[in-house]
Amino acid sequence: QVQLVESGGGLVQAGGSLRLSCAASGRISSIAVMGWYRQAPGKQRDLVAHITSRLYTNYADSVKGRFTISRDNAKNTIYLQMNSLKPEDTAVYYCGLDPSGGTYFIDPPYWGQGTQVTVSS
């Protein structure tokens, strides 16, 4: 089994920054893909960014140039640096892990509990 624990959410003013962390524990595949989804109230869960074991990254158009995903394979941890935050970034952010590898990151089988990010205008 895999456990994911997110941290770093909170309340920030528009234009501010936050850094999310997600630590994975358990049986972690060396080729696992990890990433972040977010879900705003009344909306579906959407992909924000993901990163492969070889550090290939992909971002949603809405966050390109503002968010940066990174990974520390030795710690089985990923990070999401969020800069220039906007009120529309307000959501619960979920960390996910797909142990099967590959390039894509769609509906991973393992999820964290989520962390709330609120951006005030």
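Our structure's up above, just so we're on the same page.
A brief structural summary. For clarity, every value in this text was computed on a predicted model and none was experimentally measured. (Residues numbered from 1 in each chain as written. Predicted model: local features only at pLDDT ≥ 70, side-chain atom pairs only at ≥ 80, totals over all residues. Heavy atoms only, no water.)

Attention shifts here to the layout of surface pockets. Estimated volume of the largest pocket: approximately 220 Å³. Along the walls of the largest pocket sit 16 residues, with Arg-38, Ala-40, Lys-43, Asp-46 and Glu-88 positioned nearest its centre. Of all the elements in the fold, those that place two or more residues in the lining of the largest pocket are strand 4 (33–39) and strand 5 (46–51). For the lining of the largest pocket, the element with the highest residue contribution is strand 5, accounting for three residues. (1 Å grid on protein atoms, 1.4 Å probe; cavity = no way out; pocket = protein on both sides within 12 Å on 5 of 7 lines; lining within 4 Å. Points joined across faces, edges and corners; volume = space filled by probe spheres on them. Helix = DSSP H or I, 4+ residues; strand = E, 2+ residues; numbered from the N terminus.)

With that out of the way, let us pick up the pattern of salt bridges. For the coordinates displayed, the defined rule picks out three salt bridges. Put simply, Arg-38 and Asp-89 hold a salt bridge, and the shortest N to O gap is 2.9 Å. Placement of the pair is Arg-38 in strand 4 and Asp-89 in the loop between strand 8 (77–82) and strand 9 (91–98), with a sequence separation of 51 residues. Residue Arg-38 shares its accessibility class with Asp-89, and that shared class is buried. (Salt bridge = Lys/Arg side-chain N within 4 Å of Asp/Glu carboxyl O. Buried < 20%, exposed > 50% of the residue type's maximum accessible area, 1.4 Å probe, protein only.)

Next up on the list: the pairing of strand 8. Of all six residues in strand 8, five are buried; the element is thus mostly enclosed. Bridging between strand 3 (residues 18–26) and strand 8 involves six bridges; their strand directions are antiparallel. Paired with Cys-22 across the strands is Ile-78, a residue of strand 8. Linking strand 7 (residues 67–72) back to strand 8 in an antiparallel pair, the connection comprises four residues, with Asn-76 at a positive phi of about 50°. (Pairing = 2+ DSSP bridges.)

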